[in-house]
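# Structural overview for review
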Amino acid sequence: MSLNTLRSGVTFGLIAGGLILFLLVIGVPEYLPDLARPILLLLLLVTGAALARGQEGKSSLAVVLVNTLIAGLIAAVMMLLFMGAINHFQAQGANIKQVFDSVTLRSTSVLAGVPVAELFPNPPSEQITEATVLRTDPMPGLAMLGAWLVAAALVGAALYVGAARIRLVERVRAWRTGVTTGREELVHWLAVALPLIAFGFILVTEWGVIGLGASEQVLQLIASFLMVGAALFAVRAPQAGAGERLGYAMRAAILIVPVVLFIALAWAKLQTDTARALAVVVGVLAAVFFLQIARNPRVFERALTLTILVGVLVVSPLYLDQYQNQVLGLVGIHILLGLGLNVVVGYAGLLDLGYAAFFAIGAYAYAFLSAPRFTGNVEMRASLSASTVTALVVVPLVVIVGVTLWRRRQPARAQGGSPARYPRALSVAILVASVVITLLALRLLDGTAFMESFQDFPVFVIGLVVAMMAAGISGMLLGFPVLRLRGDYLAIVTLGFGEIVRLLLTNLRDFTGGPQGVLLIASPALLNVEFANPQAMLYLIVLGCMFVAFFSTRIKDFAAGPRVGRDARR
């Protein structure tokens, strides 16, 4: 057996050991004391199975077992070296929290099985007498845990090898009889139902079916993260013709049952009769809609996936506490950031390292318009609201009229039948015309009932619109001079732009509040509904994610979208 054949064992061992150290550093034994050891054993079990899967058909059983043994030993030794160093300093009375905030005496106690009361520092050797109670050494317990980790890796490899051989027998039997096992179909439907499975874990812990004690809140939060990740994975799972094997009645029932389930779960948590009535109305409308969708078998599975995703995202915040909703809100904000970055880097192919600056400009623009200095000035708020609404009406009309007039003159000028490109002069003319006509319209409307009608206009709406416009305009202003740059040059320029914006926002204390940011920002409110608590904010963020995802998808599928991306990359 050569050293080259043992490379997989060393690689998997280092990866598993690194993951174990990561779990120890972030405080899994501290915050999940009842599940810390099972999580580590499960990690090595998966490692052994993954290693055996990678070696399937390439190496003999002996080589697979030797590689698995090496992987388990490396992971166990890395854990023992780390915890041995921690134990050494804890025995001397050192404060480990100054270096690793989430590694405490409880971590050592949970992994070694030694009570925390027996892990006190030993006195100096010259002060030890026969009556001195010495510290219990946790290293034997840690060594036993290391042995269990090695055994878990071997068990994982053995389980996979056994399952692989059984699968081979099933394939031979299916080939002889002509009957398929349907394993691929099961895996496919499992991918579709993954968000529902993660949500089911939250339900059973909330209802007390599974008692997890102090670890329940953390595990529910982890299940929420898995639910979000499973939702992103399930979006790509649907197949076009999966519903053709089912009849109309079966398709309609499969689509309506999740709707009824989610409405019942929401009804149990909603407090007011208005909210419950709204949930019932939404459920009835969804049922009627799906009765029509079920007639088309090609979109059946996509409709089922969207039903599960929307239902889980709408109902799950009702079964989470305020802290969990707040954390998921932060996750949703970063999803918004990633969706926007995907348009710039993914669709357009531009290596923009300063994209966060656009996000910051939009955020501060909204913060300024939601601060007391703006919300308390009725005249300024009404003027800005009327100006924004007027611009949103005038600018699209000017663009449509300008482009239409230019296109009508093109057939006489076009040569060879190829479409002409929009000249820069047209863009500049439309921009100037939009600004001039908007200012003229505002001048004519000044002092009229139209301007006075915006005194009670929602601050949230105007702040959101202005924030999007500010971020978009800043992106265009940066794009004009740097779009000719490519590769590293573009990355350096955009990175510098991001740093400039960060330094400006941090140092302009009189305007931005410095590192503390803008204070006393008003809570979003729309139609007399205030989004003041983390649960309501999470719903607002989920709606924003859906809107941005739909908008970015439409950009990708739009006829001019791929062409714009190719032009930007040239």
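It should be emphasised that the depicted structure is a prediction, and the values quoted were computed from it without experimental measurement.

Along the protein, the regular secondary structure elements total 23 helices and two strands. In the protein, 76% of the contacts between residues at least 6 apart in sequence involve partners at least 24 apart.

Where helix α4 (residues 61–91) meets helix α5 (residues 105–112), the closest approach of the two axes is 11 Å, and the angle between their N-to-C directions is 130 degrees. With respect to α5, the element α4 is oriented oblique. Taken as a pair, α4 and α5 cross one another with a handedness that is left-handed. Between α4 and α5, the residues in contact are M83, I86 and Q90 and L105, T108 and L111, respectively. In the contact of α4 with α5, the residues fall into four nonpolar, two polar and no charged.

Counted at 1.5 Å a residue, the expected span for helix α12 (residues 322–347) with its 26 residues is 38 Å, and the 36 Å between its end C-alpha atoms agrees. The sharpest bend along α12 comes to roughly 30 degrees, located at L341. For α12, the set of buried residues is Q324, N325, V327, L328, G329, G332, G340 and V344. The distance from a side-chain oxygen at the start of α12 to the backbone nitrogen of Y323 is 3.3 Å, and the residue carrying that oxygen is D321. With its phi angle positive at about 75 degrees, G349 sits one or two positions after the end of α12.

Within the secondary structure layout, N67 lies in helix α4. N67 gets classed as buried once you look at its relative accessible area, which sits at 0%. A polar contact of 2.9 Å, which involves the side chain of N67, links it to the backbone nitrogen of G9. Apart from the residues lying within four places of it in its own chain, the contact partners of N67 are T5, L6, R7, S8, G9 and L51.

With that settled, the discussion passes to the environment of Y323. You can see Y323 is positioned in helix α12. Residue classification places Y323 among the partly exposed positions, given a relative accessible area of 47%. As a C-alpha pair, Y323 and Q535 span 212 residues in sequence and 9.2 Å in three-dimensional space. Once you skip the residues sitting within four places of it in the chain, Y323 turns out to touch Q217 and L221.

Before going further, it helps to examine the pattern of salt bridges. A complete count under the given rule lists two salt bridges for this structure. D101 is the salt-bridge partner of K97, the closest N and O atoms lying 3.6 Å from each other. K97 sits in the partly exposed class, given a relative accessible area of 40%. Notably, a salt bridge pairs E499 with R502, separated by 2.8 Å at the nearest N-O pair.

This part takes up the packing of helix α3 (residues 36–54) against α4. At a minimum axis separation of 10 Å, α3 and α4 run at an interaxial angle of 145 degrees. Crossing handedness for the pair α3 and α4: right-handed. Along its contact with α3, which presents L44, G48, L51 and A52, the element α4 presents V64, N67, T68, A71, G72 and A75. Its residues assigned to classes, the contact of α3 with α4 comprises six nonpolar, four polar and no charged.

Right, let's get into the packing of aromatic side chains. What describes a pair of aromatic rings is the distance from one ring centre to the other and the angle between the planes of the rings. Inspection of every chain in the model, using the stated rule, returns eight aromatic pairs. Between F199 and F262, the aromatic rings sit 6.3 Å apart at their centres with planes inclined by 45 degrees, giving tilted as the arrangement. One end of the pair, F199, is in helix α7 (residues 183–206); the other, F262, is in helix α9 (residues 248–269), and 63 residues separate them in sequence. Using a relative accessible area of 6% as the deciding quantity, one classes F262 as buried.

Note that K269 resides in helix α9. Considering only alpha carbons, one finds K269 and Y319, 50 residues apart in sequence, at a separation of 7.7 Å. Excluding residues within four positions of it along the chain, K269 makes contact with E206, L318 and Y319.

What follows concerns the nonpolar core. With 32 residues, the main nonpolar core has F199, L255, L265, V315 and Y319 as its most contacted residues. When residues of this core are traced back to their parent elements, those giving at least two are α7, α8 (216–234), α9, α10 (273–293), α11 (300–315) and α22 (534–557). When neighbours within four sequence positions are excluded, F199 is seen to be in contact with M227, F262, L265, V312, V315, S316 and Y319. Core analysis: the next-biggest nonpolar cluster, separate from the first, contains 28 residues, L24, L43, L111 and A153 among them.

With that out of the way, let us pick up a nonpolar patch on the surface. Taken together, L392, M469, I473, M476, L477 and F480 make up a surface patch of nonpolar side chains, about 630 Å² in accessible area. If you tally residues by element for the nonpolar patch, the top one is helix α19 (residues 459–482), at five residues.

Turning our eyes to something else, we now look at the environment of N87. In this structure, N87 sits in helix α4. We classify N87 as buried; its relative accessible area is 8%. In this structure N87 touches R135, D137, P138 and M139, once residues within four positions along its chain are discounted.

Here T512 is to be found in helix α21 (residues 509–512). Since its relative accessible area comes to 3%, T512 is described here as buried. At 2.5 Å, the side chain of T512 forms a polar contact with the backbone oxygen of L505. Polar side-chain contacts of T512 include one of 3.4 Å to the backbone nitrogen of G514.

In this model, α3 (19 residues) spans 27 Å end to end at C-alpha, consistent with the 27 Å of a helix rising 1.5 Å per residue. Where α3 is concerned, the buried positions are A36, L40, L43, L44, T47, G48, L51 and A52. Down the axis of α3, the buried set is contained in an arc of 165 degrees. They therefore lie on one face.

Calculation notes
- Residues numbered from 1 in each chain as written.
- Predicted model: local features only at pLDDT ≥ 70, side-chain atom pairs only at ≥ 80, totals over all residues.
- Heavy atoms only, no water.
- Helix = DSSP H or I, 4+ residues; strand = E, 2+ residues; numbered from the N terminus.
- Contact = heavy atoms within 4.5 Å.
- Axes fitted to C-alpha atoms, helices over the stretch in contact; angles between N-to-C directions.
- Parallel < 35°, antiparallel > 145°, perpendicular 65-115°, else oblique.
- Left-handed = near helix turned anticlockwise from the far one by under 90°.
- Nonpolar A, V, L, I, M, F, W, Y, C, P; charged D, E, K, R; others polar.
- Expected span 1.5 Å × (residues − 1).
- Bend = angle between axes of the 7 residues up to and from the residue.
- Buried < 20%, exposed > 50% of the residue type's maximum accessible area, 1.4 Å probe, protein only.
- Polar contact = N/O pair within 3.5 Å; in protein donor to acceptor, adjacent residues only side chain to side chain.
- Salt bridge = Lys/Arg side-chain N within 4 Å of Asp/Glu carboxyl O.
- Phe/Tyr/Trp six-rings, centres within 6.5 Å; stacked < 30°, edge-to-face > 60°.
- Core = buried A, V, L, I, M, F, W, Y, C linked by side-chain atoms within 4.5 Å.
- Patch = residues over 30% accessible without salt bridge, like charges linked within 9 Å, V, L, I, M, F, W, Y side chains within 5 Å.
- Areas by Shrake-Rupley, 256 points an atom, 1.4 Å probe, with all protein chains shown as cover.
- Arc of directions from axis to C-beta.

These values are about where atoms sit, not about what they do.
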